[in-house]
Amino acid sequence: MEYYSSHISRLIEELGRLPGIGPKSAQRLAFHILNMPEEHVEKLAESIRSAKKNVRYCKICCTLTDSEVCPICGNEARNHKQIMVVENSRDLAAYEKTQKYEGVYHVLQGAISPMLGIGPDDIRLKELMRRLEGDVDEVIIATNSSLEGETTAMYISKLVKPTGIRVSRIASGVPVGGDLEYIDEVTLLRALEGRVDL
Ligand code: ZN
């Protein structure tokens with residue numbers, strides 16, 4: 001990268017740290033940004049800064065939100081005794097798009113992955129177990145059907161079972177390794193309705 005000025009190199013380097021952005025994409029984005037009108041660049045930079053500053057984890061379900069308690073946890077009309085466990089806020093959004101799920105969520109912010117060195121303590125499991133001390137009827141495990149998602153589902157079911165709370169897993173139909181956010185709403189609904197007790 002020594003053919004570029006240090007400012008450009010730094011921009012390319014920072015963009016290249018983003019997931020899914022290889023060196024070529026980073027270069028392309030960097031030059032695109034440099035060609036953008038100054039005000040657009042300011043807007044982009046400001047939106048990143050303000051999102052980072054204002055977005056936090058809901059103190060109940062751990063999803064990303066900009067208030068202490070997210071709108072779903074704060075909604076009295078939802079069934080707070082039914083908790084769907086998902087890996088991230090994007091998966092939560094996928095289920096919300098179906099407009100058919102009336103329970104609440106718990107967002108793990110990850111999945112257990114021995115290969116990547118991510119253990120149970122690295123995701124929001126303690127927070128989930130604390131919630132289960134309250135009045136809960138069912139935990140629906142909706143982690144992805146990847147190896148990590150299945151490992152996490154198994155781990156959670158082992159933790160929850162002794163509490164006597166019903167534990168279920170969304171049905172197959174969600175393709176293996178499939179990211180929930182890319183699956184259509186009908187398939188998601190079918191997976192939810194066809195969930196099986198663990
Ligand atoms: Zn919440």
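Procedures and definitions
Residues numbered from 1 in each chain as written. Predicted model: local features only at pLDDT ≥ 70, side-chain atom pairs only at ≥ 80, totals over all residues. Heavy atoms only, no water. Donors = N, O, S within 2.8 Å, 3.2 Å for Na, K, Ca; no water. Tetrahedral: all angles 85-135°; square planar, octahedral: opposite > 155°, others 65-115°. Helix = DSSP H or I, 4+ residues; strand = E, 2+ residues; numbered from the N terminus. Core = buried A, V, L, I, M, F, W, Y, C linked by side-chain atoms within 4.5 Å. Buried < 20%, exposed > 50% of the residue type's maximum accessible area, 1.4 Å probe, protein only. Contact = heavy atoms within 4.5 Å. Pairing = 2+ DSSP bridges. Domains from an automatic or database assignment. Polar contact = N/O pair within 3.5 Å; in protein donor to acceptor, adjacent residues only side chain to side chain. Phe/Tyr/Trp six-rings, centres within 6.5 Å; stacked < 30°, edge-to-face > 60°. Lys NZ or Arg CZ within 6 Å of the ring centre and 35° of its normal. Axes fitted to C-alpha atoms, helices over the stretch in contact; angles between N-to-C directions.

What follows concerns the coordination of the zinc ion. Ligation of the zinc ion by protein atoms is provided by Cys58 (SG), Cys61 (SG), Cys70 (SG) and Cys73 (SG), these donors lying 2.3 Å from the ion. Coordination geometry of the zinc ion: the 4 donor atoms subtend angles of 106 to 116 degrees at the metal centre, consistent with an arrangement described as tetrahedral. When the donors of the zinc ion are listed by position in the chain, the intervening gaps give C-x2-C-x8-C-x2-C. Taken together, the residues Cys58 in the loop between strand S1 (56-57) and strand S2 (64-65) and Cys73 in the loop between S2 and strand S3 (79-86) connect sequence positions 15 residues apart.

This part covers the nonpolar core. Among the nonpolar cores identified, the biggest contains 37 residues, and Met84, Val86, Tyr95, Tyr105, Leu132, Val139 and Ile156 are the most heavily contacted of them. Elements that contribute at least two residues to this core include exactly S3, helix H4 (89-98), strand S4 (103-107), helix H5 (125-131), strand S5 (138-141), helix H6 (147-160) and helix H7 (185-193). Not counting the four nearest positions on each side in its chain, Val139 is found in contact with Ile83, Val85, Leu132, Val160, Ile165, Arg166, Val167 and Ser168. Judged by nonpolar contacts, the second largest core, of 7 residues, contains Ile8, Ile12, Ala30 and Ile33.

Across the two faces of S5 the burial is the same, with Glu138 and Ile140 and Val139 and Ile141 all buried. When S3 meets S5, the two strands line up parallel, connected through 4 bridges. In the strand pairing of S5, Ile83 is matched with Val139. By the bridge criterion, 4 bridges tie S5 to strand S6 (residues 166-169) in an arrangement that is parallel.

On to unusual backbone geometry, then. For Cys62, which is not a glycine, the phi torsion comes out positive at approximately 70 degrees. Its location among the elements puts Cys62 in the loop between S1 and S2. The backbone of Gln109 shows a phi angle near 60 degrees, a positive value even though the residue is not glycine. The exposure class assigned to Gln109 is partly exposed, which follows from its relative accessible area of 24%.

According to the domain assignment, the protein chain consists of domain 1 (6-54) and domain 2 (75-197). Using only C-alpha atoms to locate each centre, domain 1 and domain 2 end up separated by 33 Å.

Attention shifts here to the side chain of Thr143. Along the chain, Thr143 falls in the loop between S5 and H6. Polar side-chain contacts of Thr143 include one of 2.8 Å to the backbone oxygen of Gly149. Leave out the neighbours within four places in its chain, and Thr143 touches Val85, Glu87, Leu108, Gly149, Thr152, Ala153 and Arg169.

Quick look at the packing of aromatic side chains now. Under the counting rule described, the total for this entry stands at 2 aromatic pairs. When the centroid spacing of 5.4 Å and the interplanar angle of 65 degrees are considered together, the rings of Tyr4 and Phe31 count as edge-to-face. Residue Tyr4 is found in the segment before helix H1 (6-15), and its partner Phe31 is found in helix H2 (residues 23-35); the two are separated by 27 residues along the sequence. A residue is classified by how much of its surface remains accessible, and Tyr4, at 23% relative accessible area, is partly exposed. Over the ring of Tyr57 we find Arg124, and its NZ or CZ is 4.3 Å from the ring centre.

The next subject is the sheet that holds strand S7 (residues 196-197). The sheet built from 5 strands is open, its strands ordered S4-S3-S5-S6-S7 with mixed pairing. Only two strands of the sheet have a single neighbouring strand rather than two, namely S4 and S7. Of the strands in this sheet, S3 and S4 are in contact with H4, which crosses S4 at around 160 degrees. Contacting S3, S5 and S6, H6 crosses the sheet at an angle of about 170 degrees to S6.

Turning our attention to H4. Considered for burial, the residues of H4 that qualify are Ser89, Asp91, Leu92, Ala94, Tyr95 and Thr98. Lining the buried residues of H4 we find S2, S3, S4 and H7. The opening residue of H4 is Asn88, an N-cap whose side-chain oxygen sits 3.1 Å from the backbone nitrogen of Arg90. Of the residues flanking the end of H4, it is Gln99, one or two places downstream, whose phi is positive at about 55 degrees.

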